[in-house]
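Below are the chains, spelled out letter by letter.
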Amino acid sequence: MVKTILIIEDDSNIADLLRLYLEKDGYEVVIASDGGSGISMFRQHQPLLILLDIMLPVLDGWSVCKTIRAESDVPIIMLTAKGETADKVQGLKSGADDYITKPFEMKEVLARIEAVLRRSGIEVSKDEKKLSFDKLLIDLDAFELIVDGKRIATPPKEMELLFHLASNPNRVFTRNQLLDEVWGFDYFGDTRTVDVHIKRLREKLENVSDRWALRTVWGVGYKFEVE
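The structure presented is a predicted model; accordingly, all values stated were derived computationally and were not measured. (Residues numbered from 1 in each chain as written. Predicted model: local features only at pLDDT ≥ 70, side-chain atom pairs only at ≥ 80, totals over all residues. Heavy atoms only, no water.)

> Teacher, can you tell me more about the sheet that holds strand β4 (residues 76-80) here?
Across a sheet, paired strands are connected by hydrogen bonds in the backbone, their directions being either parallel or antiparallel. Strand order in the open sheet formed by five strands is β2-β1-β3-β4-β5, and the pairing between neighbours is parallel. Edge positions in the sheet fall to β2 (28-32) and β5 (98-101), since each has one partner strand and no second. For this sheet the average axis-to-axis angle between neighbouring strands, irrespective of direction, equals 20°. Here strand β3 (residues 49-53) pairs with β4 via four bridges, running parallel. Counterpart to Leu52 in the pairing with β4 is Met78. Contacts between helix α3 (residues 61-71) and the sheet are confined to β1 (4-8), β3 and β4, with β4 contributing the most and set at about 175° to the helix. (Pairing = 2+ DSSP bridges. Helix = DSSP H or I, 4+ residues; strand = E, 2+ residues; numbered from the N terminus. Axes fitted to C-alpha atoms, helices over the stretch in contact; angles between N-to-C directions. Contact = heavy atoms within 4.5 Å.)

Encoded structure:
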């Protein structure tokens, strides 16, 4: 099953943050910035679930929800700054399955998505977050790093950084990309943080195998190189 979630949200910062966390959780994401294009993208992509803002250009979220609900039982979660009980009731009467008020925690959004999918009878298998290379096992589920048969104590953020690089072998990431995609858009540190974590990972991985390596691409960033 293609695990596509459609985000209909006109605030690009919120939409990008949702995309980041949803993609890290294994979903594919498509985004529409107004109600009209949201309906078109729903028909085009047939998503697994929709995250729908209420205050939208062209068509508001209530109208979008009613239009989609007339065509499909796809789960819909409304995201909005409106927190009044009457607004929640109107959203649910329009056919929404759940309602989350901004500002929200991403952990809550992910938990609500899983709960709505379960209630809708939709089974979504979670991919194991394990990567295996010559003499190297990266197990993000257990937060274990096995190097040449030995378990190496590794802080969570180093594990996440290594897993992110190794999940995209031979792709070069800038330091800013790694800050956004591993630390998150709400992190206010600087790029030296990435350099420090890479240095510590290199100390753990140096000369383990000639079939992969953590490389610096001078003037650009870093990559996990695989032969």
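> Quick question: what am I supposed to make of the pattern of salt bridges here?
Oppositely charged side chains may form a pair once their charged atoms are brought near each other. Tallied over the full model, the rule gives 16 salt bridges. Close ionic contact of Glu9 with Lys102 constitutes a salt bridge, the shortest N to O distance being 2.9 Å. In this pair, Glu9 sits in the loop between β1 and α1 (12-24) while Lys102 sits in the loop between β5 and α5 (106-119), placing the two residues 93 residues apart along the sequence. We classify Glu9 as buried; its relative accessible area is 2%. Its salt-bridge partner being Glu158, residue Lys204 comes within 3.0 Å of it at the nearest N-O pair. On the criterion of sequence distance, the pair formed by Lys204 in helix α8 (residues 192-205) and Glu158 in helix α6 (residues 156-166) is long-range, its members being 46 residues apart. (Salt bridge = Lys/Arg side-chain N within 4 Å of Asp/Glu carboxyl O. Buried < 20%, exposed > 50% of the residue type's maximum accessible area, 1.4 Å probe, protein only.)

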